[in-house]
Amino acid sequence: MRDIFGPAEVLHAAVRRRAPQVAAAIVLDEEEGLRRVRVTYRDAGPYLVGWDGTAYQWRSGPASGLPLPADPERAAALIAAALGAPVHREPT
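S.K.: Would you mind showing me how to read the overall build of the protein chain here?
M.R.: When helices and strands are tallied, the protein chain shows two helices and four strands. At 12 Å, the protein chain has a C-alpha radius of gyration in line with the 12 Å of a compact globule built from 92 residues. Dimensions along the principal axes, computed over C-alpha positions, put the protein chain at roughly 35 × 30 × 20 Å. Within the span of the protein chain, comprising 92 residues, buried residues form 38% of the whole. Considering only intrachain contacts with a sequence separation of at least 6, the fraction spanning at least 24 residues in the protein chain is 36%. Averaging the coordinates of the 11 positive side-chain charges in the protein chain and doing the same for the 11 negative ones gives two points 6 Å apart.

Structure, rendered in structure tokens:
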């Protein structure tokens, strides 16, 4: 059975927690058949972020191909910062 709450869903939830102003959606990458997170904030984006098997990675945009942390909370904070969005403190 396919994992219903995979890396894309975990990252999506973290982005919504850490930067609720960022528009985030789970989309299907038609070329690879994998789920990605599309993020947009004001005039930045939309950009795709995906899981490469060991960490998150920018899949489009000016940072395309660059890695993000494997930890979804840290990745969400860096995504928000890259988009210029305010970041909420890490949950305690």
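S.K.: So what exactly am I meant to see when it comes to the nonpolar core here?
M.R.: Note that soluble globular proteins tend to have their nonpolar side chains buried in a common cluster. Leu11, Val22, Val39 and Ile79 are the most contacted members of the largest nonpolar core, which has 22 residues in total. Of all elements in the fold, only α1 (7–18), β2 (34–41), β3 (44–51), β4 (56–58) and α2 (72–83) reach the threshold of two or more residues within this core. Of all the elements, α2 adds the most residues to this core, at five residues.

S.K.: Explanation requested: the packing of aromatic side chains in the structure shown.
M.R.: Here the distance between the centres and the angle between the planes together describe a pair of aromatic rings. Within the structure shown, the criterion is met by two aromatic pairs. With 6.3 Å between their ring centres and 85 degrees between their planes, tyrosine 47 and tryptophan 58 make a pair best called edge-to-face. Of this pair, tyrosine 47 sits in strand β3 while tryptophan 58 sits in strand β4, and the two are 11 residues apart along the sequence. Relative to tyrosine 56, the ring of tryptophan 51 lies with its centre 4.8 Å away and its plane at 70 degrees, an arrangement referred to as edge-to-face.

S.K.: In this structure, what is going on with α2? I would like to understand it.
M.R.: An α-helical turn contains 3.6 residues, so any two residues separated by three or four positions project in the same direction. Taking 1.5 Å per residue, 12 residues should reach 16 Å; α2 reaches 16 Å between its end C-alpha atoms and fits that length. Looking only at α2, the buried set comprises Pro72, Glu73, Ala75, Ala76, Ala77, Ile79, Ala80 and Leu83. On the buried face of α2, the contacting elements are α1, β2, β3 and β4. Once α2 ends, the next one or two residues include glycine 84, with phi positive near 85 degrees.

S.K.: I would appreciate a short explanation of the packing of α1 against α2 in the present structure.
M.R.: In contact at an axis separation of 8 Å, α1 and α2 are set at 55 degrees when each is read in the N-to-C sense. Comparing the axis directions of α1 and α2 gives the class oblique. As α1 runs across α2, the sense of the crossing is right-handed. Contacts from Val10, Leu11, Ala14, Val15, Arg17 and Arg18 in α1 reach Pro72, Glu73, Ala75, Ala76, Ala77 and Ile79 in α2. Of the residues assigned to the contact of α1 with α2, the class counts are nine nonpolar, no polar and three charged.

So, how was this worked out
- Residues numbered from 1 in each chain as written.
- Predicted model: local features only at pLDDT ≥ 70, side-chain atom pairs only at ≥ 80, totals over all residues.
- Heavy atoms only, no water.
- Helix = DSSP H or I, 4+ residues; strand = E, 2+ residues; numbered from the N terminus.
- Rg over C-alpha atoms; globule rule 2.2 N^0.38 Å.
- Buried < 20%, exposed > 50% of the residue type's maximum accessible area, 1.4 Å probe, protein only.
- Contact = heavy atoms within 4.5 Å.
- Lys, Arg positive; Asp, Glu negative; His and termini not counted.
- Charge placed at Lys NZ, Arg CZ, Asp CG, Glu CD.
- Core = buried A, V, L, I, M, F, W, Y, C linked by side-chain atoms within 4.5 Å.
- Phe/Tyr/Trp six-rings, centres within 6.5 Å; stacked < 30°, edge-to-face > 60°.
- Expected span 1.5 Å × (residues − 1).
- Axes fitted to C-alpha atoms, helices over the stretch in contact; angles between N-to-C directions.
- Parallel < 35°, antiparallel > 145°, perpendicular 65-115°, else oblique.
- Left-handed = near helix turned anticlockwise from the far one by under 90°.
- Nonpolar A, V, L, I, M, F, W, Y, C, P; charged D, E, K, R; others polar.

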